[in-house]
Amino acid sequence: MSSLHYHLFLFLCFYAAVQAPYREGDIMLGGLFSVYQVPYWPGSRFEDIYLRGLGRMQAMIFAIERVNNDTSLLSNISLGYDIRDYGGNLSKAAGLIYQLLTVDSCVNLSQNAPRKKAIISLIGPNESRTALFIGGFLRMLNVSSITGTATSTELSSFTYKHLYRTVPSDKFLAKAMVDLIMHFNWGYVAVVGQDDSYGRSGAWAVVSESSSRKSSFCIAFTEFMRLESPHLNVRNIVKKLKQMDNVKVVILWLYENYQTKFLAEVQRQNLTGRVWILSEIHLTSTLPVKGILESSLGFQFHKFSDSGFKEYLKEILVKERDDRSFSEWNHITSEKWKFLKNMKCVHRQIEQCSNELIKEIYSSYVPYIIDAVYAVAHALDIFNRNFSYDETKDWAKLQITNSFDVQKLLGRVSFDGLTGKIKFDRFGDRSSAYYDIFSFKNVPNGDVESIKMVLIGEWKNSQKNETRLIFHEALNWTTKSGRPPKSECSEQCPPGTRKSSTSPCCWQCLPCLGETISSSAGSESCRECPNGTISNPANTECVALPSANISYTNITGIVILTFGTLGVVVTLFCLAALYKFWNSPIVKASNRELSLSLLLTIFALFSLVYIDVFKTTNTICMIIYPLRYLTYNICLSTLLVKVLLISCAFRVPIMTSLELTSLPNKAQVGIFIAFLAPLLSVQMPWLLLDPPFNFQHIYPKRYTFDECKAYSSSVGKSLFLATCFYILFQMLVSSVCAFKIRKIPENFSEAKRIAFSMYIFLFSLLCYHPVELSLNGWYVTVVDCVTTLLSAYGFLCCLFLPKMYILFFRQEINDANGIRQEVTQFSFSSGCVRVNRTFDSSN
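Residues numbered from 1 in each chain as written. Predicted model: local features only at pLDDT ≥ 70, side-chain atom pairs only at ≥ 80, totals over all residues. Heavy atoms only, no water.

Under an unreviewed UniProt entry, the name given to the protein is G-protein coupled receptors family 3 profile domain-containing protein, and the organism recorded is Pocillopora meandrina. Its UniProt record, at the heading Subcellular location (unreviewed entry), says of the protein: "Cell membrane". (UniProt positions renumbered as here; feature names shortened; annotations may be inferred.)

See the structure below:
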């Protein structure tokens, strides 16, 4: 069949459909459809018809006939219809509404006999803009309308409470689109919509849904196709899109015919490499797939059962019918068959031609229109079941039905339709939606290629508001990587930078300034580093401020540890020598037990240096403070006992009124205990009530310093000061005693060396404690280590190195006779004869 013959065939079908849109019934329903489209586009032919509008109108007729044949619904009552074609013209639609609901109805002011029965409800219109336009008429006349095609979100308000919809609102399609965009991580999209309620509300629904979710994508721009001067408008929009190369995803919220013309302009300007998301799909042979719609996606209402509608159309188009159910086609039946026979179409060819025509006529809106008719039928059935009558009152019943407010009945409707559960909310909308997602591809069809829609997924929203996006198969992307194309204004800002806030969609990557960081890509702001940290050079993470503490890795720590290690080695050497020469006269003369105690104390002093160098913690702080003062106490007690022993041996009184003649071992232990007990009585409450703790000093942008604080409260401060003053008191006592015996002959006794070491010790502590109590900083640790090393080395050099020299290099001096001779000489010169015997007995 040639193209001319095919169009003539369509014209005959169209002519038959629109010439007889009226059928009498007990209750009348009005229909408002756009079948004969006004040509918006220059060059469109006047005889072009909107086949899908024709199919929608025929779906209403089909549904009414099914209701009339259904004995379980509206028994003994038939539905009639009065259908008008407004051709997509708003003014004509308003005139037809007025004519249907007033002029041609039984309600008139002249009280004349009615020509037709009143229309109790309306099915239609097709477009959202028409539904918005006639909403005022419906409200004024108190007539309800049910549409299966108008999807604008604007209709979901009390202003249009007389308009019900079996088709889902576009708010669900916006949700589905946002889910799709977020699924593929597209961050920068554009929207092209129809310049009417359908397109503007759809675009706004996408923006609103994106904002409510705080999603990661934004709208690059929103353009609308005007009904006036569409060619120029489309050219400008496509040109603008072509200039925005970073916009790879474009939502088209357009009617079918505008969508086709728009994509034709896209092909003409060779705008490729875009993913087009179509709000609805109108598959025609003129759609440009290769290079344009490849990797694009389209939404369509789920393919529900048509309940035999296609077979119904086939019977109309193929079979010759003389029965009244198809009377609107009868007057052209002979012309149709005469046309087909003249074209020498056999029955198989007629069947094929009709199948192709049915594909053009049928749309996914048909089940929703059928459900719209059934919604009215169920509303009237509710009224019918609650109204008792007898056969003589049929006319009275119909009169009541005509004046009844169908709107109240529609609010009570609840049934399972072709498209799912039909139940209206307070705005007249249904609460569920079901969309199929398609992609496009060219398939060979003989010598030419045809377009095929491939079902790749679905989106469903249940009445519990649970959404579900499912893909049945992977989409073949045309990118080199085979992955979804990136659609973003700018590349994600790398870590260490932030997005500029000049635009919500496009940005510049600015480096994080100061001590701020951004650790992840695409950060919108830089966050400040916590106290005690600083940003790394790349500003990607916060790192700890450099520590100013002395450690074993820096030069100061290495020097201190070197001296400490040397001191430990010398101390261990002295201990070994003491063990080797344990019974030698010079070791015995200097009281070897006290020498051992003093060496261990010196070793503890060097240990304090090691502890000071390492990083402080609360545990270390609780150890180092008591250990320091215990070491001081034992050291001072040992030296005091040695001083008293020398005083007793040489009868040199420390005080004029107090002269000691002997100092037995028990007395020595008693001195140790007497000096240790007061210290412990202060330290124990100190450690229990307010123990020392680690405190970090932070110098912003410079360094940190960890320091052991002796106290944190006034109680701890009092106990700490008491400890310090007690050690100072003990040191003064020991120093005075050492000073008293300093003139004992140098070549015999270590008295002067004891006194000198005590002076060094006293000087060290007097230098350290003022620094400890008044200053903070890494140099406090240095002072602590230096004074401790000075004290320890003072004891080693003054008290033990001379003896080591005698033990290893002057062993001739290390004999008892020599020591007795020196004691005798000193005794005669001082007049102390008893000293020799005392010294002899003690050694």
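This is not the end of the story, as more comes after the structure.
Looking only at helices and strands, the protein has 26 helices and 24 strands in total. In the protein, buried positions account for 52% of the 843 residues. For the protein, contacts bridging at least 24 residues in sequence account for 68% of all contacts bridging at least 6. As presented, the protein carries roughly 39,600 Å² of accessible surface, and 57% of it is formed by carbon and sulfur atoms. (Helix = DSSP H or I, 4+ residues; strand = E, 2+ residues; numbered from the N terminus. Buried < 20%, exposed > 50% of the residue type's maximum accessible area, 1.4 Å probe, protein only. Contact = heavy atoms within 4.5 Å. Areas by Shrake-Rupley, 256 points an atom, 1.4 Å probe, with all protein chains shown as cover.)

Next up on the list: a nonpolar patch on the surface. A cluster of nonpolar side chains, namely Phe-573, Tyr-805, Phe-808 and Phe-809, defines an oily patch on the protein surface of about 450 Å² accessible area. The greatest single-element share of the nonpolar patch, amounting to 3 residues, is contributed by helix 24 (residues 778-809). (Patch = residues over 30% accessible without salt bridge, like charges linked within 9 Å, V, L, I, M, F, W, Y side chains within 5 Å. Salt bridge = Lys/Arg side-chain N within 4 Å of Asp/Glu carboxyl O.)

By the secondary structure assignment, Gly-187 is in the loop between helix 5 (170-183) and strand 7 (188-194). You can call Gly-187 buried: its relative accessible area is 17%. C-alpha of Gly-187 to C-alpha of Lys-248: the two residues are 61 residues apart in sequence and 9.7 Å apart in space.

A separate point is helix 24. Here helix 24 spans 43 Å end to end across 32 residues, near enough to the 46 Å set by a 1.5 Å rise per residue. At Phe-800, helix 24 shows its largest kink, close to 40 degrees, and the proline Pro-802 lies no more than four residues downstream. (Expected span 1.5 Å × (residues − 1). Bend = angle between axes of the 7 residues up to and from the residue.)

The next subject is the sheet that holds strand 1 (residues 22-23). Taken together, the 6 strands give an open sheet; going across it, the order is 1-3-2-4-5-6, and neighbouring strands pair in mixed fashion. Edge positions in the sheet fall to strand 1 and strand 6 (163-165), since each of these pairs with one other strand and no more. Judged from the 7 bridges that link them, strand 2 (residues 27-33) and strand 3 (residues 79-85) form a sheet pairing that is parallel. Across the sheet, Gly-31 pairs through a bridge with Ile-83, a residue of strand 3. Relative to strand 3, helix 2 (residues 51-69) is tilted by about 170 degrees, and along the sheet it contacts strand 1, strand 2, strand 3 and strand 4 (119-123). (Pairing = 2+ DSSP bridges. Axes fitted to C-alpha atoms, helices over the stretch in contact; angles between N-to-C directions.)

So, on to the pattern of salt bridges. This structure, assessed with the given rule, holds 15 salt bridges. Here Asp-245 ties to Lys-248 by a salt bridge, and the two come within 3.6 Å at their closest N and O atoms. Where Lys-709 meets Glu-707, a salt bridge forms, and the shortest distance between an N and an O atom there is 4.0 Å. Residue classification places Lys-709 among the partly exposed residues on the basis of a relative accessible area of 23%.

Attention shifts here to the packing of aromatic side chains. Inspection of the entire model under this criterion finds 32 aromatic pairs. Geometrically, the ring pair formed by Phe-573 and Phe-808 is stacked, given 5.4 Å between the ring centres and 25 degrees between the ring planes. Placement of Phe-573 in helix 17 (residues 555-580) and of Phe-808 in helix 24 is noted, with a sequence separation of 235 residues between them. Residue class for Phe-808 comes out partly exposed when judged on its relative accessible area of 33%. Directly above the aromatic system of Tyr-362 lies the positively charged group of Lys-310, at a separation of 4.6 Å from the ring centroid. The ring centre of Tyr-434 lies 5.0 Å from the NZ or CZ of Lys-460, which sits over that ring. (Phe/Tyr/Trp six-rings, centres within 6.5 Å; stacked < 30°, edge-to-face > 60°. Lys NZ or Arg CZ within 6 Å of the ring centre and 35° of its normal.)

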